[in-house]
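Coordinates in review
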Amino acid sequence: MAASWLKHAVFYEIYPQTFYDTNADGIGDLQGIIEKLPYVKSLGCNAIWMNPCFDSPFKDGGYDVRNYYKVAERYGTNDDLVRLFDEAHKLGLKILLDLVPGHTSEEHEWFQASKQIEKNEYSSRYIWTKSVFEGAQPLPFIAGEAERNGCYVLNYFKCQPALNYGFYQPTESWQEGVDGPNAVKTRQAMADVIRFWLEKGADGFRVDMADSLVKLDGPNKEGTVHVWQEILGPIHEEYPEAAFVSEWNNPSQALRAGFDMDFFLEWRGNGYSTMMRDFDETPDGEVISPNGGYFAKHSGSDVSRFLADYMPKYEDTKDLGLYCLITCNHDMLRPTAGLSEDELRLAYAWIYTMPGAPFLYFGDELALRQRLLKTKEGSYRRTGARAPMQWNAGKNKGFSDTDGELYLPVDDDPNAHTVEAQEKDPGSMLNFVRSLIALRQANPDLGNYSPFEVYSAEEGSRVFAYKRGELLVAMNPGVEAEELMLDGAYESIFALGVNVVRDGKLTLGAQGFVVLRPIA
Ligand code: NOJ
């Protein structure tokens, strides 16, 4: 049984470096998040996922953890984090931390010990070959960096050696099976980290690269699924109200592994990208072709590519947990990179009327623009979506009071969106997002676990319509009016654009969106 609060969970993702700086060092901090909790709540969100906040040399934005048990100094102290849990709970908000189980920083003390020639407790905490002249192909590895004679396997960047959770089918003497003694010790160590923070008041974790623990895994990631079952099974029993969302992008595997939720992430050509981000970009994240995605008004696209990807996974897992849509995350381009604000409204209306727990990336509620910025702490093409939050028109857009350097530069466009300006404008994106979340929360049929069924998605048609319980949701992102036959009498409870229900037929105007309720 998943945590009961997931039924109504609506998430807000916070990248702590750039959310709100309260000590004027140019970097966001935990106190800043605490001070902005009422803002998060005002959106209608009731849960937060915060990117890693642990001690780190920050060669990958904190996804290179040096100490899982210590908050990074730039953010505050462990006590501040506990205060964040407490203050959030007082407002009815949940906090998910970010767990990075697959690798540590090369500066982690486990790795420092593992590198030693002398055998010690951590010698097999990471994956080492027998000799520096024997590589770990096809896995990425480093040779010649340690006195210890062997190569070590990497999980991501060079600074992130892979922890040893074993191999699905070991073929070399230096490889251990998933239930080998050292692999079991690694997973116990990670379970200890999870328990430590749950005991302190965390409500769960977003889990980084959750699918890649076991190396040279089976075709359905059987090894990694097994490892998570071993970790999460007991933890779910001990902490029934803790929630776990995986960065896996395959709910059929992730939810069977014991996660409560999995993300529908984006890569070029997959179902998610065909909705919002179907364009080419440079390696630095600059968009260089028109957006062919469904929500681009002139794209002419239908939802067939999305449904071909989404539906089998949704159908397979709808009784197991949540398959979650996101506006964006800290690894992607902001949705404004490819969509104008009117297009974005439809895309958000879609996200907030679909099943799964919706995730809003900080600043997307303002339609912050995608920036083109120099890399910072290993961000590369991801930098442009990690720029500071824009609170008001004042100094540093209200992000920080420093006269010195900011973590990343604020948008110096005097017309750049801010919370302050959008609060005052009833027609702003901010208030539109609020109205969508309120709509979702007021209608249990739009809930995270409530049924979803495609009503109309004809090939070549711009119309996409689906039932959520009794409700009928229909949209037309194009510029020509479109018609849809209705299966009964309905009234509109939410609309964008000009739409008409008459004689058993719905006419969706240009960029029309409607939520219809049956008339009893
Ligand atoms: C996925 C995270 O979201 C990303 O930011 C990070 O760089 C990699 N995993 C490596 O941990």
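On a predicted model such as this, the values are computed, not experimentally measured, just so you know.

**Here's the deal with the overall build of the chain**
Per the secondary structure count, the chain includes 12 helices and 20 strands. In terms of overall size, the chain behaves like a compact globule, its C-alpha atoms giving a radius of gyration of 24 Å where 520 residues would be expected to give roughly 24 Å. Along the longest, intermediate and shortest principal axes, the C-alpha atoms of the chain span 80 × 55 × 45 Å. Looking at the chain as a whole, 61% of its 520 residues qualify as buried. If you take every contact in the chain between residues at least 6 apart in sequence, the share linking residues at least 24 apart comes to 65%. Only carbon and sulfur atoms are counted for the fraction: they give 50% of the accessible area of the chain, which is about 19600 Å². For the chain, the distance from the average site of its 50 positive side-chain charges to the average site of its 77 negative ones is 1 Å.

**Some remarks on the pairing of strand E15 (residues 471-476)**
The buried fraction of E15 amounts to 6 of the 6 residues, a majority that puts the element mostly inside the structure. The side-chain alternation of E15 yields two buried faces, one formed by Leu-471, Val-473 and Met-475 and the other by Leu-472, Ala-474 and Asn-476. With 5 bridges connecting them, strand E14 (residues 464-468) and E15 associate as antiparallel partners. From the neighbouring strand, Tyr-466 faces E15, where its bridge partner is Val-473. Count of turn residues in the E14/E15 antiparallel hairpin: 2 residues, of which Gly-469 carries a positive phi of about 60°. Summarising the sheet, E15 and strand E20 (residues 512-518) pair through 5 bridges and their orientation is antiparallel. Pairing of Val-473 across the sheet is with Val-515, part of E20.

**Remarks on the site of the ligand**
Around the ligand sit Asp-60, Tyr-63, His-103, Tyr-156, Arg-206, Asp-208, Met-209, Glu-247, His-330, Asp-331, Arg-382 and Arg-386, and that is every residue in its neighbourhood. Within the side chain of His-103, one N or O atom sits 3.1 Å away from an oxygen atom of the ligand. Considered on its own, the ligand offers 300 Å² of accessible surface; in the complex 98% of this is hidden by protein. Considered class by class, the residues forming the shell around the ligand number 3 nonpolar, 2 polar and 7 charged.

**Some points on the domain arrangement of the chain**
When the parts of a complex come together, some accessible area is lost, and that lost area is often taken as the interface size. The domains assigned to the chain are domain 1 (4-100 + 264-442), domain 2 (103-162) and domain 3 (451-518). Between the C-alpha centres of domain 1 and domain 2 the distance comes to 34 Å. Taken together, the contact pairs 13 residues of domain 1 with 12 residues of domain 2. Area buried by domain 1 at its contact with domain 2 is led by Lys-59, Arg-66 and Tyr-68, which between them contribute 45% of it. Our count for the domain 1 to domain 2 interface comes out at 2 salt bridges. Here Glu-106 makes a salt bridge to Lys-59, at a shortest N to O gap of 2.9 Å. Between the two partners, domain 1 and domain 2, sit 7 residue pairs in polar contact (both at pLDDT 80 or more). For the side of domain 1 that touches domain 2, the residue count by class is 6 nonpolar, 2 polar and 5 charged.

**Considering helix H5 (residues 181-200)**
Look at H5: 29 Å from first C-alpha to last across 20 residues, which is about the 28 Å you get at 1.5 Å a residue. Taken together, the buried positions of H5 are occupied by Ala-183, Thr-186, Arg-187, Ala-189, Met-190, Ala-191, Val-193, Ile-194, Trp-197 and Leu-198. At the C-terminal side of H5, Gly-201 shows a positive phi close to 120°.

**Brief notes about the pattern of salt bridges**
Any two side chains of opposite charge can pair, so long as their charged atoms come close to each other. This model, assessed by the stated rule, comprises 33 salt bridges. The shortest N-O distance in the salt bridge between Asp-278 and Arg-305 comes to 2.9 Å. One end of the pair, Asp-278, is in the loop between helix H8 (273-276) and helix H9 (304-317); the other, Arg-305, is in helix H9, and 27 residues separate them in sequence. The class of Arg-305 is partly exposed, set by a relative accessible area of 38%. Asp-331 is paired through a salt bridge with Arg-382; the nearest N and O atoms lie 3.3 Å apart. Taken together, the residues span a long stretch of sequence, with Asp-331 in the loop between strand E11 (322-324) and helix H10 (341-351) and Arg-382 in the loop between strand E12 (359-361) and helix H11 (419-424) at a distance of 51 residues.

**Topic: helix H12 (residues 429-442)**
Counted at 1.5 Å a residue, the expected span for H12 with its 14 residues is 20 Å, and the 20 Å between its end C-alpha atoms agrees. In terms of residue burial, H12 counts as a mostly covered element, since 10 of its 14 residues are buried. Of all the residues in H12, the buried ones are Met-429, Leu-430, Asn-431, Phe-432, Val-433, Arg-434, Leu-436, Ile-437, Leu-439 and Arg-440. Residues of H12 that are buried sit in contact with helix H2 (37-43), H10, E12, H11, strand E17 (490-496) and E20.

Rules used in this analysis
The residue numbers shown here count from 1 along each chain, following its written sequence. Confidence filtering applies because this is a predicted model: local features only for residues at pLDDT of at least 70, side-chain atom pairs given and counted only at 80 or more, and all residues used for totals across whole chains, interfaces and linings. With hydrogens and water set aside, each side-chain value is computed from the structure's full complement of heavy atoms. A run of H or I in DSSP counts as a helix once it spans at least four residues, and a run of E counts as a strand once it spans at least two, with each numbered from the N terminus. Atoms counted for the radius of gyration: C-alpha only. Globule rule: 2.2 Å times residue count to the power 0.38. A 1.4 Å probe rolled over the protein chains alone gives each residue an accessible area, and that area as a share of the maximum for its type sets the label: buried under 20%, exposed over 50%, partly exposed in between. Any two residues whose heavy atoms approach within 4.5 Å are treated as being in contact. All accessible-area figures derive from a Shrake-Rupley calculation using a 1.4 Å probe, and residue coverage is judged against the displayed protein chains alone. Neither His nor the chain ends contribute to the count of charged residues, in which Lys and Arg are positive and Asp and Glu negative. Charge placement uses NZ in Lys and CZ in Arg. For Asp and Glu, CG and CD serve respectively. Two strands form a pair only when DSSP identifies at least two bridges running between them. Nearness is judged by heavy atoms alone; a residue qualifies as near a molecule or strand once a single heavy atom is within 4 Å of it. Residues adjacent in sequence count toward polar contacts only when both atoms are side-chain atoms; beyond that, a polar contact is any pair of N or O atoms within 3.5 Å, and within protein one must be able to donate a hydrogen and the other to accept it. In this classification, Asp, Glu, Lys and Arg are treated as charged, Ala, Val, Leu, Ile, Met, Phe, Trp, Tyr, Cys and Pro as nonpolar, and every other residue, Gly included, as polar. For the domain bounds, the source is a domain assignment made automatically or taken from a database. The buried area of a pairing is the accessible area, by a 1.4 Å probe, that goes missing from both parts when the two are put together, added over both. Each salt bridge in this description consists of a side-chain nitrogen of Lys or Arg and a carboxyl oxygen of Asp or Glu lying within 4 Å of one another. In a helix, the anticipated span is given by 1.5 Å times the number of residues less one.

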